[in-house]
Amino acid sequence: MSEREKALRLLRAVRKRIDPEVLARAQKAAMIQIGQAPAAMSDADNEASRLFKQALANGGARRVEILRHLERKFRHKLN
């Protein structure tokens, strides 16, 4: 297994453990720390919030499917 695959596996494991609320608070704090105003969430859903809502709907029934979709999308951008 290559170093890249090990890193991806580790990132997946870490992502599963992070509470979405904690992640949002950390991102907001990071933006404030670097002197930028945190992005305001509008009523219009962007792709990330739409996918997040789909993943959590029905007790997380589509969670694995959506995470795989995102992983493929970002892996394509990394290569």
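Residues numbered from 1 in each chain as written. Predicted model: local features only at pLDDT ≥ 70, side-chain atom pairs only at ≥ 80, totals over all residues. Heavy atoms only, no water.

A. Fine view of the overall build of the chain. Along its length, the chain carries four helices and zero strands. Listed by position from the N terminus, the elements making up the chain come as α-α-α-α. Surface accessibility of the chain: about 7100 Å² in total, with carbon and sulfur atoms responsible for 57%. (Helix = DSSP H or I, 4+ residues; strand = E, 2+ residues; numbered from the N terminus. Areas by Shrake-Rupley, 256 points an atom, 1.4 Å probe, with all protein chains shown as cover.)

B. Geometry of the environment of I66. Inspection of the secondary structure puts I66 in helix α4 (residues 63-78). Once the C-alpha coordinates of I66 and A55 are considered, the two residues, 11 residues apart in sequence, prove to be 6.2 Å apart. If near-sequence neighbours (up to four positions away) are discounted, I66 is found in contact with L51, Q54 and A55. (Contact = heavy atoms within 4.5 Å.)

C. Broad picture of the pattern of salt bridges. Inspection of every chain in the model, using the stated rule, returns four salt bridges. For the salt bridge of E71 with R12, the shortest nitrogen-to-oxygen distance reads 3.0 Å. Here R12 lies in helix α1 (residues 3-17) and E71 lies in helix α4, a separation of 59 residues in the sequence. Each of the salt bridges in this network shares a partner with another, and the network as a whole consists of R12, E71 and R75. (Salt bridge = Lys/Arg side-chain N within 4 Å of Asp/Glu carboxyl O.)

D. How the structure looks around a nonpolar patch on the surface. A cluster of nonpolar side chains, contributed by L10, V14, I18 and L23, occupies part of the molecular surface with about 330 Å² of accessible area. Inspection of the secondary structure assignment puts L23 in helix α2 (residues 20-33). Given the relative accessible area of 39%, L23 is considered partly exposed. (Patch = residues over 30% accessible without salt bridge, like charges linked within 9 Å, V, L, I, M, F, W, Y side chains within 5 Å. Buried < 20%, exposed > 50% of the residue type's maximum accessible area, 1.4 Å probe, protein only.)

Honestly, that's just the spatial picture; any functional story needs more than this.
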